[in-house]
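An overview of the molecular structure
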Amino acid sequence: MKAVIVVGDGMADRPLKELDGRTPLEAAETPNLDEVARGGVCGIMDILSPGRPPGSDVANLALLGYDPYRCYRGRGALEALGAGIEMGEGDVALRGNFATIRDGVIVDRRAGRIDGTIFTEYLGDVKLEDYPNVEILVRPTLGHRLVVVLRGEGLSWRVSDIDPHRTGVPPLKAEPLDDSPEAERTARILNQLYEVLRGRMERHPINRERVEKGLPPANAIILRGAGAPPKVKPLGEIYGVRGACVAVTPTIRGACAAAGLDLYDAPGATGGVDTDAVSKGRVAVKLLEDYDLIYIHVKGTDNATHDGDVEAKMMVIEKIDDMVGYLLDHVEETYIAVTADHTSSIRVREHVGDPVPIAIWGPEVRADDVDAYSERLCARGGLGRIRGIDLMPILMNLLDRVERFGA
Ligand code: ZN
Ligand code: ZN
């Protein structure tokens, strides 16, 4: 027996006026999701706890079966893991942007959305004079984004951002967020690193060229979201399963990497509303030949919500439905779980704390009377109301992978 988990990012919503009191899931055409609900067991799920809106990083850790309140240690390390960088215990990682500074003030937090990978070789490994024993990796990732990893003794992820998250102000100084000497030292390292990188980027010929052409130069690197890898045991060790992840979003890939899942891409999958979701389904079906558990994440529903675009949200929901249809047509001896990593409200354009629907379809589920997939209908299902961290043990139990407790 195998399992596929399909996560529509922020796919659940509240009833909307513009949809005559229906949610986007209720208003969209979703014959395949409905099929999963009809043949499966349904429920609703508080990703963290009732009423608490989760970030996507924390939410996906919960769906992977880990208690975020215990294991979560910042977003940066997830991002680094998602970029394929190995993270050891004690390493600290941050996310960052190439930005444009003029007269000491940030004027563009994305340096004209520059493709930072042109600086990959130029940046590489950095050494700071005052901290020769700290290894520093600077890795451009996607577009204007990058990750920085600090490796060495005496580091802490409890430091504040250099990125002020807005323009028209100077970059901030990293500050320790607790009283430890490690946090104090890491803040000093980051502030020195900022200055060193600022000098290097200012001197780069590409940036001089950009200034001549009137383009914003990528003359600063502003860091945020310091983190250490989550303290988790890989799913392979807990349940003896081989797992794979099909996702584009770096943080989600990072959470899956932390869980010991192998990371895969799908052609045409973009991480946006224009994504080819069925392509992910095709990759997942292939992977099922070698893996027991496939985690598929589709981001577009959340992007559409943050943009307040209900049409786009319904369109991505229908793409997810097509993908689930492909799965239903092509899997055997496999459970399919469909859920969201949190509810995202079109009205407030943000994550909210309402529970998400969950439906599990497969050979030996105790199918209930729910006959369509939605926030409201799933609430009547046989799973009742569960928490995010319950999903993985429920699925692994169906795969006969959970050890008995007691004699
Ligand atoms: Zn999310
Ligand atoms: Zn979001």
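Residues numbered from 1 in each chain as written. Chains lettered and ligands numbered in written order. Predicted model: local features only at pLDDT ≥ 70, side-chain atom pairs only at ≥ 80, totals over all residues. Heavy atoms only, no water.

Some points on the coordination of the zinc ion (ligand 1)
The coordination sphere of the zinc ion (ligand 1) contains the protein donors D9 (OD), S56 (OG), D341 (OD) and H342 (NE2), at a distance range of 1.9 to 2.1 Å. Expressed as a motif, the donor residue spacing for the zinc ion (ligand 1) is D-x46-S-x284-D-H. Here the zinc ion (ligand 1) and the zinc ion (ligand 2) are spaced 4.8 Å apart. Of this pair, S56 sits in helix α3 (residues 56-63) while H342 sits in the loop between β12 (334-340) and β13 (343-345); the two residues are 286 residues apart in sequence, bridging distant segments of the chain. On the accessibility criterion, S56 (13% relative accessible area) is buried. Owing to a relative accessible area of 1%, H342 belongs among the buried residues under this scheme. (Donors = N, O, S within 2.8 Å, 3.2 Å for Na, K, Ca; no water. Helix = DSSP H or I, 4+ residues; strand = E, 2+ residues; numbered from the N terminus. Buried < 20%, exposed > 50% of the residue type's maximum accessible area, 1.4 Å probe, protein only.)

Topic: the coordination of the zinc ion (ligand 2)
Distances from the zinc ion (ligand 2) to its protein donors, namely D302 (OD), H306 (NE2) and H351 (NE2), fall within the range 1.8 to 2.1 Å. Sequence spacing of the donor residues for the zinc ion (ligand 2), all on one chain, is D-x3-H-x44-H. With relative accessibility at 30%, the residue H306 sits in the partly exposed group.

Quick word on the side chain of T305
Checked against the element boundaries, T305 lands in helix α12 (residues 300-306). Its relative accessible area of 1% is what places T305 among the buried residues. Beyond its immediate stretch of four places on either side in the chain, T305 contacts G10, D13, K313, S344, S345, I346 and R349. (Contact = heavy atoms within 4.5 Å.)

Notes on the pattern of salt bridges
This structure, assessed with the given rule, holds 23 salt bridges. D354 serves as the salt-bridge partner of R14, at 3.1 Å between the closest nitrogen and oxygen. Of this pair, R14 sits in the loop between β1 (2-8) and α1 (24-27) while D354 sits in the loop between β14 (350-352) and β15 (356-361), and the two are 340 residues apart along the sequence. Among the residues examined, R14 registers a relative accessible area of 28% and is labelled partly exposed. With relative accessibility at 28%, the residue D354 sits in the partly exposed group. One salt-bridge network, held together by shared partners, links D9, K299 and D302. (Salt bridge = Lys/Arg side-chain N within 4 Å of Asp/Glu carboxyl O.)

Digging into the sheet that holds β12
For sheets, the rule is that strands pair by backbone hydrogen bonds, running either parallel or antiparallel. An order of β10-β9-β11-β1-β12-β15-β2-β16 is seen for the 8 strands of this open sheet, with the pairing classed as mixed. The open sheet terminates on both sides in strands that have one partner only, identified here as β10 (262-264) and β16 (384-387). Taken over all neighbouring pairs, the strand axes of this sheet differ in orientation by 25 degrees on average, direction set aside. One ladder, built from 3 bridges, connects strand β9 (residues 243-246) with β10; its direction is parallel. Note on β10: the bridge partner recorded for C245 is L263. Of the strands in this sheet, β1, β2 (41-46), β11 (293-298) and β12 touch α3, which is tilted by about 155 degrees from β11. Each of β9, β10 and β11 is contacted by helix α11 (residues 277-287), which is oriented at about 170 degrees to β11, the strand it contacts most. (Pairing = 2+ DSSP bridges. Axes fitted to C-alpha atoms, helices over the stretch in contact; angles between N-to-C directions.)

So, the environment of L263
Relative to the helices and strands, L263 is located in strand β10. On the basis of relative accessibility, which here comes to 25%, the residue L263 falls in the partly exposed class. Distance in space between the C-alpha atoms of L263 and E26 is 32 Å, their sequence separation being 237 residues. Other than its neighbours up to four places away in sequence, L263 contacts L81, G82, C245, R253, C256 and A257.

Digging into the nonpolar core
Membership of the largest hydrophobic core comes to 87 residues, with the highest contact counts inside it found for L64, L235, I294 and I360. Looking at this core, the element that brings in the most residues is helix α13 (residues 310-330), giving 9 residues. Discounting residues that sit within four places of it in the chain, I360 has contacts with G40, V41, Y335, I336, A337, V365, L383, L391, I394, L395 and L398. Core analysis: the second largest hydrophobic core is formed by 36 residues, F119, L128, I189 and L223 among them. (Core = buried A, V, L, I, M, F, W, Y, C linked by side-chain atoms within 4.5 Å.)

Structural notes on the domain arrangement of the protein chain
If you check the domain split of the protein chain, you get domain 1 (2-70 + 232-398) and domain 2 (81-227). For domain 1 versus domain 2, the distance between C-alpha centres works out to 33 Å. (Domains from an automatic or database assignment.)

Considering the layout of surface pockets
Space inside the largest pocket adds up to approximately 910 Å³. Surrounding the largest pocket, 32 residues form its lining, R75, R95, R145, K299 and N303 being those nearest its centre. Among the secondary structure elements, those contributing two or more residues to the lining of the largest pocket are α3, β3 (92-102), α10 (250-258), α12 and β14. Per-class residue counts for the lining of the largest pocket are 5 nonpolar, 13 polar and 14 charged. Among the domains, domain 1 (2-70 + 232-398) and domain 2 (81-227) are the pair contributing at least three residues each to the lining of the largest pocket. In this structure, the second largest pocket is lined by D13, R14, P15, T23, E26, I44, T343, D354, P355, E375, R376 and A379. Broken down by class, the residue content of the lining of the second largest pocket amounts to 4 nonpolar, 2 polar and 6 charged. (1 Å grid on protein atoms, 1.4 Å probe; cavity = no way out; pocket = protein on both sides within 12 Å on 5 of 7 lines; lining within 4 Å. Points joined across faces, edges and corners; volume = space filled by probe spheres on them. Nonpolar A, V, L, I, M, F, W, Y, C, P; charged D, E, K, R; others polar.)

A short note on the packing of aromatic side chains
All told, the structure shown has 2 aromatic pairs when counted by the stated rule. Their ring planes at 35 degrees and their centres at 5.4 Å tell us that F98 and F119 sit as a pair that is tilted. Here F119 lies in the loop between β4 (105-108) and α6 (120-123) and F98 lies in strand β3, a separation of 21 residues in the sequence. Exposure remark for F119: the relative accessible area of 0% places this residue in the buried category. (Phe/Tyr/Trp six-rings, centres within 6.5 Å; stacked < 30°, edge-to-face > 60°.)

Comments concerning α11
For α11, a buried count of 9 out of 11 residues is recorded, marking the element as mostly surrounded by other parts of the structure. Of all the residues in α11, the buried ones are A277, V278, S279, K280, G281, V283, A284, V285 and L287. Buried residues in α11 make contact with β9, β10, β11 and α13. The N-terminus of α11 is capped by D276, whose side-chain oxygen sits 3.3 Å from the backbone nitrogen of V278. (Polar contact = N/O pair within 3.5 Å; in protein donor to acceptor, adjacent residues only side chain to side chain.)

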